[in-house]
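Letter by letter, the chains look like this.
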Amino acid sequence: MVEKHKLQVEAIRKGTVIDHIPAGQGIKILKQLQLLGSNVRITVGFNLPSKDLGLKDIIKVENRLFNEKEANELAIFAPGATINVIDEYQVQNKFEMSIPESIEGVFECPNSNCITHNEPVQTHFSLRQSKESLQMKCKYCEKSFSKDIVAGI
Ligand SMILES: [Zn+2]
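Residues numbered from 1 in each chain as written. Predicted model: local features only at pLDDT ≥ 70, side-chain atom pairs only at ≥ 80, totals over all residues. Heavy atoms only, no water.

1. What to know about unusual backbone geometry
Where the residue is not glycine, phi is negative for most of them; where a peptide bond is considered, it is trans in most cases. A positive phi angle is found at Asn63, which is not glycine, with a value near 60 degrees. Of the residues examined, Asn63 reaches a relative accessible area of 59% and is grouped as exposed. Phi angles above zero are rare outside glycine, and Glu142 is one such case at about 60 degrees. Within the secondary structure, Glu142 sits in the loop between β8 (134-138) and β9 (144-146). Residue Glu142 is classed as exposed on the basis of its relative accessible area, which comes to 58%. (Buried < 20%, exposed > 50% of the residue type's maximum accessible area, 1.4 Å probe, protein only. Helix = DSSP H or I, 4+ residues; strand = E, 2+ residues; numbered from the N terminus.)

2. Some words on the coordination of the zinc ion
For a metal with four donors in a tetrahedral arrangement, the ideal angle between donors is 109.5 degrees, while six donors in an octahedron ideally sit at 90 or 180 degrees. Bound to the zinc ion are the protein donor atoms Cys109 (SG), Cys114 (SG), Cys138 (SG) and Cys141 (SG), situated 2.3 to 2.4 Å from the metal. Spacing between the donor residues of the zinc ion along their common chain follows C-x4-C-x23-C-x2-C. Given a relative accessible area of 1%, Cys138 falls into the buried group. You can call Cys141 partly exposed: its relative accessible area is 22%. (Donors = N, O, S within 2.8 Å, 3.2 Å for Na, K, Ca; no water.)

3. Details of the pattern of salt bridges
Evaluated as defined, the whole model comprises five salt bridges. When the shortest N-O distance is used, the salt bridge between Lys14 and Asp87 registers 3.6 Å. Separated by 73 residues along the polypeptide, Lys14 in strand β1 (residues 14-22) and Asp87 in strand β4 (residues 82-87) bring together distant segments of the chain. A salt bridge links Glu62 to Arg41; its shortest N-O distance comes to 3.5 Å. One end of the pair, Glu62, is in strand β3 (residues 54-62); the other, Arg41, is in the loop between α1 (26-33) and β2 (42-50), and 21 residues separate them in sequence. Taking the relative accessible area as the measure of exposure, Arg41 reaches 58% and is therefore exposed. (Salt bridge = Lys/Arg side-chain N within 4 Å of Asp/Glu carboxyl O.)

Shown next, in the form of structure tokens:
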């Protein structure tokens with residue numbers, strides 16, 4: 001049996017629940033998803049009590065399923081968050097978001113001289129976790145930036 005109460009949000013029939021987001025990161029994920037401007041139905045819970053994290057955010061998106069690639073693009077904001085894929089009120093699939101080795105076509109290069117601003121190429125960043133922060137290296141200008149600069153939020 002699925003313990004629905006564990007999700008701390010109203011059960012949804014079909015869609016995706018992103019759970020165990022570190023508190024404060026939920027809003028960044030929403031922005032990244034650009035869901036707020038669309039007519040997808042979203043329920044969010046911010047600063048909910050969490051055994052592991054102290055406080056956590058939850059995002060529930062109805063009728064929208066994320067594949068692992070999409071989920072991992074969000075992982076830079078919330079490594080360790082979990083994705084629950086829901087169908088007919090049941091968790092069909094559950095996986096932990098993990099930082100991908102690279103991200104293509106999602107973020108602009110912060111270097112204004114980078115060729116990606118003038119050529120019709122998809123941006124491409126290699127990701128590397130250093131002690132302090134997640135570093136993103138542009139394939140084209142070969143500059144490295146912290147994820148906060150690349151993600152711009
Ligand atoms: Zn670049």
